[in-house]
Amino acid sequence: MSGADRPAQGGRRRDRSGRRGARRDGDIDTLNAGLRWQSTAYFNAGRLPEGVAAASAAVASLSLPRRSGKPLSPRDTMLTHQAYADALGQADAPGAVAAARVALAAAHAIYGDK
């Protein structure tokens, strides 16, 4: 059995091939969204360190090369930094305010003063 197919503790399967495949194929949109959702799932399960790590990885994915060569949309950038700020805040970790400011700046670039 490969590492992706081997059951993890509790009988659950560890399948990270989707993330690896998205990264390998340059499908950063999917990778980014998946990491944001994974962060939320970890927090819902009470796994704060993993939630922060997934949100941090989503932020890091913003600078990865993409198949299309274009950066993620401003909205994805906003949502990523918002998820990171939320993760840091939930974990009572430093940096939440700075991440929230980046998310707000991205929102302002999208929506202006509306």
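Throughout what follows, the structure given in this document is the object of discussion.

Procedures and definitions
- Residues numbered from 1 in each chain as written.
- Predicted model: local features only at pLDDT ≥ 70, side-chain atom pairs only at ≥ 80, totals over all residues.
- Heavy atoms only, no water.
- Helix = DSSP H or I, 4+ residues; strand = E, 2+ residues; numbered from the N terminus.
- Areas by Shrake-Rupley, 256 points an atom, 1.4 Å probe, with all protein chains shown as cover.
- Core = buried A, V, L, I, M, F, W, Y, C linked by side-chain atoms within 4.5 Å.
- Buried < 20%, exposed > 50% of the residue type's maximum accessible area, 1.4 Å probe, protein only.
- Contact = heavy atoms within 4.5 Å.
- Salt bridge = Lys/Arg side-chain N within 4 Å of Asp/Glu carboxyl O.
- Expected span 1.5 Å × (residues − 1).

Here we come to the overall build of the protein chain. Broken down by element type, the protein chain carries 5 helices and 0 strands. Helices and strands appear in the protein chain in the N-to-C order α-α-α-α-α. Of the accessible surface of the protein chain, which amounts to about 7,300 Å², a share of 54% is contributed by carbon and sulfur atoms.

Counting residues in hydrophobic clusters, the biggest one holds 8 residues: Phe43, Val52, Ala55, Ala85, Ala87, Leu88, Ala96 and Ala99. Where this core is concerned, the elements lending two or more residues are helix H3 (48-61), helix H4 (74-90) and helix H5 (96-111). Ignoring anything within four residues of it in the chain, the contact list for alanine 85 reads Ala96, Ala99 and Ala100. Grouped together as the second largest cluster of nonpolar side chains are 5 residues, Leu31, Leu35, Ala58 and Leu72 included.

What follows is about the environment of aspartate 76. Here aspartate 76 lies in helix H4. Taking relative accessible area as the criterion, aspartate 76 reaches 18% and is therefore assigned buried. Taking the C-alpha atoms as reference, aspartate 76 lies 8.2 Å from alanine 33; in sequence the two are 43 residues apart. Once residues lying within four places of it in the same chain are set aside, the contact partners of aspartate 76 are Asp29, Asn32 and Arg36.

Take the environment of aspartate 86 next. Mapped onto the fold, aspartate 86 is located in helix H4. By relative accessible area, which is 38% here, aspartate 86 ends up partly exposed. In the structure, aspartate 86 is positioned 34 residues away from valine 52 in sequence and 9.0 Å away in space, judged by C-alpha atoms.

Our focus in this paragraph is the pattern of salt bridges. For the structure on display, the rule yields 2 salt bridges. Between arginine 47 and glutamate 50 there is a salt bridge, with its nearest N and O atoms 3.4 Å apart. Classification of glutamate 50 by relative accessible area gives partly exposed; the value is 29%.

Looking now at unusual backbone geometry. At aspartate 92, a position not held by glycine, the phi torsion is positive, near 55°. You can see aspartate 92 is positioned in the loop between H4 and H5.

Taking 1.5 Å of rise per residue, 14 residues should cover 20 Å, and H3 covers 20 Å from first to last C-alpha, within 8% of that figure. Within the sequence span of H3, burial applies to Gly51, Val52, Ala54, Ala55, Ala58 and Ser61. Buried-residue contacts for H3 involve helix H2 (28-44) and H4.

Don't take any of this as a statement about function, it's just geometry.
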